[in-house]
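Take a look at the letters that make up each chain.
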Amino acid sequence: KQADFGIAVSNATDVAKAAASVVLTEEGLINIVSAIVVSRKIYQRLLTYVFSKTIRVFAVVLTIFAFFIIDKDFVLTTKMIIAMFFYNDFLTLSLATDNVGYSQKPDKWDIKKISIASLVFGIFSVLWIVGGIYIFGHLVFKLPLQNIKTLTFLALVLTIPVSIFSVRERGFGIKNMPSKALLFSMLFAIIGSNLMALYGFLMPKLPVYIVLTMDLYIFLMFIPFNILKIFTFKSLKMI
C-alpha cells in the first residue's frame, strides 16, 4: 500500500490481474524480488536522466554565457546547437534501455538531495569545460574565435557521454556495461562530433592534434567526476 504497487497471483481473477501493477506467474513470492530489482533499476535510470539533463543545461547555458563575457560573441552557432541536440536526443532515448546497477537499499525520491547533487555536478562540469576551452583555445593553441566555436561544440558533445558514464553508477567506475543502444549512441556522438570538427561540417575545421587533445581532456573528466560523485553521494547519504 505504501509503494502504491498492486500485486496479483497467477490464478487470480481477470479483474484482479487487470488492476494489479504486476502479476506473479509462478507460485511463491520469489518473483517479488525480480520486481524490486526492476523497480530499482528504473529508479537508477531516472536518476541518471535527471543528473545528465541538469549537467547538459548547466554546460550549454553557462558555457555560452562565460564566453560571451570573454569573447563578446556567442560561442555556438544555430547549426552547432541543432547538431548538439541531435546527438543529445539519441543518448537520452537510449537511457531507457541502459543496463544499470541497482541499490541494495530502498530508494526514495529526495528532491532536495537530488537537486544539491545535480547542482554540484553541473557546476563542476561547467568549470571543467570552460577551463579546458579557455586553456587550449586561447592560451595553448591561440585559436581564432571561429575555431574556438568548433572546439566548444566538440567539448559540449563529448561531455554528454562522459557525464552519463559518470552518473549511471552509484559507486566508482563502471561495474555494469551500458546497453547496446546506449553504447552505440555514445560512440555515434563521439565519432560523429570528431568527424564534424575534423572535416569542418557545419563549422570551421580543426587539426587532428587539437581534436585529439580535447578528446583526451574531456575523457579525463571521468576520474575527478567520479571522485566528486562519491564524496557528494556519501555527504548526502545517497549511497
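To start, this report covers the structure provided alongside it. Because the structure is a prediction, the values reported are computed rather than measured.

Remarks on the overall build of the protein chain
Item 1. Within the protein chain, the secondary structure is distributed over eight helices and two strands.
Item 2. Ordered by position from N to C terminus, the α and β elements of the protein chain give β-α-β-α-α-α-α-α-α-α.
Item 3. Dimensions of the protein chain, computed from the C-alpha atoms along their principal axes, are close to 70 × 35 × 30 Å.
Item 4. A total of 239 residues make up the protein chain; the buried ones form 44% of that total.
Item 5. Here the analysis covers contacts within the protein chain between residues at least 6 apart in sequence; of these, 78% occur between residues at least 24 apart.
Item 6. Accessible surface for the protein chain amounts to roughly 13,000 Å². Of this, 70% is attributable to carbon and sulfur atoms.

Quick look at unusual backbone geometry
Item 1. Not every positive phi belongs to a glycine, and Lys72 is a case in point at roughly 60°.
Item 2. With respect to the secondary-structure elements, Lys72 resides in the loop between α2 (30-71) and α3 (78-94).
Item 3. By relative accessible area, Lys72 is classed as exposed at 63%.
Item 4. At Leu202, a residue that is not glycine, the phi angle is positive and equals roughly 70°.
Item 5. If you trace the backbone, Leu202 turns up in the loop between α6 (180-199) and α7 (208-220).

A closer look at the packing of aromatic side chains
Item 1. One pass over the full model with this rule turns up 18 aromatic pairs.
Item 2. Relative to Trp109, the ring of Tyr43 has its centre 4.6 Å away and its plane inclined at 55°; by these criteria the two rings are tilted. Here the residue Tyr43 occupies a position in helix α2, and Trp109 occupies one in the loop between α3 and α4 (111-140), the gap between them amounting to 66 residues.
Item 3. Judged by its relative accessible area of 40%, Trp109 falls in the partly exposed class.
Item 4. Put simply, the rings of Phe51, Phe121, Phe124, Trp128, Phe136, Phe141, Tyr209, Tyr217, Phe225 and Phe233 pair up and form one aromatic cluster.

Section: the packing of α2 against α4
A pair of packed helices can be characterised by two numbers: the angle between their axes and the separation between those axes.
Item 1. Remark: α2 packs on α4, axes separated minimally by 8 Å, with the N-to-C direction vectors making an angle of 40°. Comparing the axis directions of α2 and α4 gives the class oblique. With respect to the hand of their crossing, α2 and α4 are arranged in right-handed fashion.
Item 2. By residue class, the composition of the contact of α2 with α4 is 21 nonpolar, six polar and one charged.

Structural notes on the packing of α7 against helix α8 (residues 222-235)
Item 1. At their nearest, the axes of α7 and α8 sit 5 Å apart, and the two run at 15° to each other. When the interaxial angle is binned, α7 and α8 end up roughly parallel. On α8, the residues touching Ile218, Phe219 and Leu220 of α7 are Phe222, Ile223 and Pro224.
Item 2. For the contact of α7 with α8, the residue count by class is six nonpolar, no polar and no charged.

Here is what the cut-offs are and how they apply
- Residues numbered from 1 in each chain as written.
- Predicted model: local features only at pLDDT ≥ 70, side-chain atom pairs only at ≥ 80, totals over all residues.
- Heavy atoms only, no water.
- Helix = DSSP H or I, 4+ residues; strand = E, 2+ residues; numbered from the N terminus.
- Buried < 20%, exposed > 50% of the residue type's maximum accessible area, 1.4 Å probe, protein only.
- Contact = heavy atoms within 4.5 Å.
- Areas by Shrake-Rupley, 256 points an atom, 1.4 Å probe, with all protein chains shown as cover.
- Phe/Tyr/Trp six-rings, centres within 6.5 Å; stacked < 30°, edge-to-face > 60°.
- Axes fitted to C-alpha atoms, helices over the stretch in contact; angles between N-to-C directions.
- Parallel < 35°, antiparallel > 145°, perpendicular 65-115°, else oblique.
- Left-handed = near helix turned anticlockwise from the far one by under 90°.
- Nonpolar A, V, L, I, M, F, W, Y, C, P; charged D, E, K, R; others polar.

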